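# Structural features, examined
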Amino acid sequence: MFRKKGFTVKYVQINWWYRTPRDWVAQLQRAYKPSKRDVFFGFSFGAWTSFVAATEVHVDRLILCSLSPYFKEDLPGLRKYWWYRRVGKRKLKDFENYEFRELYKKIKCKTILICGSKEAECLKSRVEGAHRKIKGSRLVLVKGSKHDISNKDYTAAISDVIKSL
């Protein structure tokens, strides 16, 4: 979709296993080579990683799909979800170093947030909160979609966003 719109695409394969969130951000930053119009695009932990990386490097635009609610202030509310424990103690400890209320102030680029209407409440709350805090951001709510970027409605929403760039 990005190529059809004339973007040069560089896919960054993040090594998620046995790495901390700090490592994920460092991997993205090492791979990033600024160009004419740079977009960070990510889904779930990829959106989280893109968001945090964009607080430290200049990008023109962020497209955050289902931004994971793994910021320091989100963590206490996540304990009730079964998937919380699957993240691992080291990662959870590292997430405590990232406060959304401090990081969002560093976002200087246009930001589009995409979220499924049937995602976990904690994730929808994080995305909606990010939309309220990030100046000029745009929120796209995909009706009927869960946490699934391959959902046809979610993919259609992404396509519409990219066409609008």
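Below is a summary of the structure that appears in this document.

## Looking at the overall build of the chain
- Looking only at helices and strands, one finds eight helices and four strands in the chain.
- Starting at the N terminus and walking to the C terminus, you meet the elements of the chain as α-β-α-β-α-α-α-α-β-α-β-α.
- The globule rule puts the C-alpha radius of gyration for 165 residues at 15 Å, and the 15 Å found for the chain is close to it.
- Here the C-alpha coordinates of the chain stretch approximately 40 × 35 × 30 Å along the principal axes.
- Residues classed as buried in the chain amount to 48% of the 165 residues present.
- For the chain, the proportion of contacts with a sequence separation of at least 24, taken over those separated by at least 6, is 64%.

## What to know about helix 7 (residues 121-133)
- Compared with the 18 Å implied by 1.5 Å per residue over 13 residues, the 18 Å span of helix 7 between its first and last C-alpha is a close match.
- Listed in full, the buried residues belonging to helix 7 are Cys122, Leu123, Lys124, Arg126, Val127, Gly129 and Ala130.
- Those residues of helix 7 that are buried lie in contact with helix 3 (75-78), helix 4 (82-86), helix 6 (100-103), strand 3 (110-116) and strand 4 (138-142).

## Focus on the side chain of Thr20
- Secondary-structure assignment places Thr20 in the segment before helix 1 (21-31).
- Judged by relative accessible area, which is 12%, Thr20 ranks as buried.
- One polar contact links Thr20 to Asp94, side chain to side chain, over a distance of 3.5 Å.
- Other than its neighbours up to four places away in sequence, Thr20 contacts Arg90, Lys91 and Asp94.

Rules and cut-offs
Residues numbered from 1 in each chain as written. Predicted model: local features only at pLDDT ≥ 70, side-chain atom pairs only at ≥ 80, totals over all residues. Heavy atoms only, no water. Helix = DSSP H or I, 4+ residues; strand = E, 2+ residues; numbered from the N terminus. Rg over C-alpha atoms; globule rule 2.2 N^0.38 Å. Buried < 20%, exposed > 50% of the residue type's maximum accessible area, 1.4 Å probe, protein only. Contact = heavy atoms within 4.5 Å. Expected span 1.5 Å × (residues − 1). Polar contact = N/O pair within 3.5 Å; in protein donor to acceptor, adjacent residues only side chain to side chain.

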